[in-house]
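Working through the structure, step by step
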Amino acid sequence: MKKRPIAKTLAKYLAALTSVALCPSLFSAGALAKDVSLRVGEEAVWVAIDQQLNETHASQLGLVFNSDDDINIVSGGLFATGQREQFSGRLGAKVYYADLDGDNGYGISLGGDLVFAVLPQLDIISGLYFGPSSISFSDVDRYEEWFIKARYQMFESGALTGGYGTLALKPDDGKDVKVDDGFFVEMSLRF
């Protein structure tokens, strides 16, 4: 994959991050909490805006940026949410568009997150999303994402998270592209 000048790349994606950060204003005024998360991994930076739409539904907008391989993924998801004792979670789908430095594609990944409340301020969270070739289009044949992380609620409106995860896409040419793979830290703020 070819390299772009860093200043041009940063300017391009600063504009994209700004537009993702402004998206909460598009949600309904009566919606519940909005969480803005910044995740820094070994290979990529993630920005996500999660919003609880009502007691049983949530949405997410996200951007993943890997400057080393010039890969960008924009996604939006809708989820059903619920809770059983100390477990909570969400199930649903993400619609994504991936720019893989020349190979572009889009699709749907199905999956969810499961949260286990260990202590009042400590959660273990795992997630799995998969988009097979039957719901992946253009130059992308498959979407795979999984993670496990521990979240510590520092304050009512702020949490720190550390974990391990992988996000991989398979273009039509058959070789897997690891967008992010390894340990990460994440900061979440609730508004």
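Along every chain, residues carry numbers that run from 1 in the direction the sequence is written. This being a predicted model, a pLDDT of at least 70 is required before a residue's local features are given, and a value of 80 or more before pairs of side-chain atoms are given or counted; all residues contribute to the totals for chains, interfaces and linings. The basis for every side-chain value is the complete set of heavy atoms in the structure, and neither hydrogens nor water enter the calculation.

So, on to the confidence of the model for the protein chain. Across the chain, each position has a pLDDT score giving the predictor's confidence in that residue, from 0 to 100. In the predicted model, the protein chain carries a mean pLDDT of 87, and 83% of its residues have values of at least 70. Numbered from the N terminus, helices here are DSSP runs of H or I no shorter than four residues, and strands are runs of E no shorter than two. Averaged pLDDT values over the elements of the protein chain bottom out at 46 in helix H1 (residues 6–22) and peak at 98 in strand S7 (residues 122–131). When checking whether two residues touch, look at their non-hydrogen atoms; a contact exists if any pair is within 4.5 Å. In this model, residues 1–22 is a region of pLDDT below 50 whose contacts with residues beyond four sequence positions or in other chains number 25 contacts. When the criterion is pLDDT under 50, residues 24–30 qualifies, and its contacts beyond four places in sequence or with other chains add up to seven contacts.

This next bit is on a nonpolar patch on the surface. A surface patch of nonpolar side chains, about 740 Å² in accessible area, is lined by Tyr152, Met154, Phe155, Leu160, Met187, Leu189 and Phe191. When residues of the nonpolar patch are traced back to their parent elements, those giving at least two are strand S9 (140–155) and strand S11 (177–190). With three residues, S9 is the largest single contributor of residues to the nonpolar patch. Looking at the secondary structure, you find Phe191 in the segment after S11. With a relative accessible area of 65%, Phe191 lands in the exposed category. Nonpolar side chains (Val, Leu, Ile, Met, Phe, Trp, Tyr) within 5 Å and like charges within 9 Å form the patches, drawn only from residues with over 30% relative accessible area and no salt bridge. The Shrake-Rupley method, run with a 1.4 Å probe, gives the accessible areas here. Residue values count only the displayed protein chains as cover. Salt bridges, as used here, are contacts in which a Lys or Arg side-chain nitrogen is within 4 Å of a carboxyl oxygen on Asp or Glu. The cut-offs for exposure are 20% and 50% of the maximum accessible area for each residue type, with area from a 1.4 Å probe on protein chains only; residues under the lower value are buried, those over the upper are exposed, and the others partly exposed.

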